[in-house]
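Secondary and tertiary structure notes
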Amino acid sequence: MTEDPYVTHRSLLFTVAYEMLGSAADAEDVLQESWLRWADIDPAQVRDPRAYLVRIVTRQALNRLRALSRSREDYVGEWLPEPLLTSPDVAEDVELAESVSIAMLTVLETLGPAERAVFVLREVFDMPYGEIAEAIGKSAATVRQIARRAREHVAARRPRVQVDRSEQQVVVDRFLAALRTGQLQELMEVMAPDVVMIADGGGVVAAALDPIHGVAAVAELLARANRVVDALTTTAVWLNGAPAGRIEFDGEPSAVSLAVEDGRITRIYVVRNPRKLTRLDEPAELAR
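The structure presented is a predicted model; accordingly, all values stated were derived computationally and were not measured.

The rules behind each value
Residues numbered from 1 in each chain as written. Predicted model: local features only at pLDDT ≥ 70, side-chain atom pairs only at ≥ 80, totals over all residues. Heavy atoms only, no water. Helix = DSSP H or I, 4+ residues; strand = E, 2+ residues; numbered from the N terminus. Rg over C-alpha atoms; globule rule 2.2 N^0.38 Å. Buried < 20%, exposed > 50% of the residue type's maximum accessible area, 1.4 Å probe, protein only. Contact = heavy atoms within 4.5 Å. Areas by Shrake-Rupley, 256 points an atom, 1.4 Å probe, with all protein chains shown as cover. Lys, Arg positive; Asp, Glu negative; His and termini not counted. Charge placed at Lys NZ, Arg CZ, Asp CG, Glu CD. Pairing = 2+ DSSP bridges. Axes fitted to C-alpha atoms, helices over the stretch in contact; angles between N-to-C directions.

Broken down by element type, the chain carries 12 helices and six strands. Since a compact globule built from 288 residues should have a radius of gyration of about 19 Å, the 20 Å found for the chain is in line with a globular shape. Here the chain holds 288 residues, and the buried ones make up 51% of them. Across the chain, every contact between residues at least 6 apart in sequence was considered, and the portion connecting residues at least 24 apart equals 68%. Total accessible area computed for the chain in this model is approximately 13,500 Å², and 48% of it derives from carbon and sulfur atoms. Charged side chains in the chain number 33 positive and 44 negative. The centres of these two groups are separated by 6 Å.

What follows is the structure in structure tokens.
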């Protein structure tokens, strides 16, 4: 028997929804809603099941994104994307790895719903403008204009330097070792002078409510963590297509993703909200 197209393309559909929403939990909800709509359709009448399914998922994700906008405005502290455990294989597709990075998803969060959908479908999945137009309910000419604005917006905010994954791993290992031992000087040496740390506790666990700027302030806070908890463990993992870290403070997990330029850390993203840490035990299947 031929496998159902929904099953065949599920990894792709999850990736589309996740990149549009920045949340694995919301992406799974979108896929469930999309499956119910697909189940009501005769697949034999669909000329291109892949494109059809992407349209369904895009529309559902747009609806979800618009509904979530209010709750994210009321979110306690900084909102960061939900991290995903991934296999090192994801990094082999450089464009996919960049598109699902925490740094990029944080940039995409600054786009409006339609701009985000167009950017993801065009720049990441290379969909034709006509198909995107059908997916979001706008003309192809309008989609082209939206795509141009979205590209300019993202280009002005995205990480400037592409880092080799082996270099990233070296920096991650140095950072985790310095954090584990509470070595202030080591922490300062592995970070750029203008480093920024952003933490997401969601009001559920303790976390800085605002970004922390500058190597001295960030290093001092991180070094202090080693002294105020009874047990601090660090594990190198792959998150969102890049080397990263899983840290436990007295048994409470956190996910840490780093942006690296010229061998030093420029951004530290710390997700502590336990509701966003449910995808750290089994690698997510991502595809383009």
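The buried fraction of strand S6 (residues 264-271) amounts to six of the eight residues, a majority that puts the element mostly inside the structure. Note that strand S1 (residues 191-200) and S6 share six bridges and pair parallel. When the sheet's bridge partners are listed, Asp 200 is paired in S6 with Val 271. Judged from the seven bridges that link them, strand S5 (residues 252-261) and S6 form a sheet pairing that is antiparallel. Within the sheet, the bridge partner assigned to Leu 258 lies in S6 and is Ile 268. Joining the antiparallel neighbours S5 and S6 is a turn of two residues, in which Asp 262 adopts a positive phi near 55°.

All right, on to the sheet that holds strand S4 (residues 242-249) then. A sheet is described by the order of its strands in space; here six strands give the open sequence S2-S1-S6-S5-S4-S3, paired in mixed fashion. For this open sheet the edge positions go to strand S2 (212-213) and strand S3 (232-239), each flanked by a neighbour on one side alone. As judged from the eight bridges shared by S3 and S4, these two strands associate in the antiparallel manner. What sits directly across from Leu 232, in S4, is Phe 249. Across the sheet, helix H10 (residues 165-181) is in contact with S3, S4, S5 and S6; its angle to S3 comes to roughly 165°. The strands touched by helix H12 (residues 215-228) are S1, S2, S3, S4 and S6; relative to S1, the strand with the most contacts, the crossing angle is about 55°.

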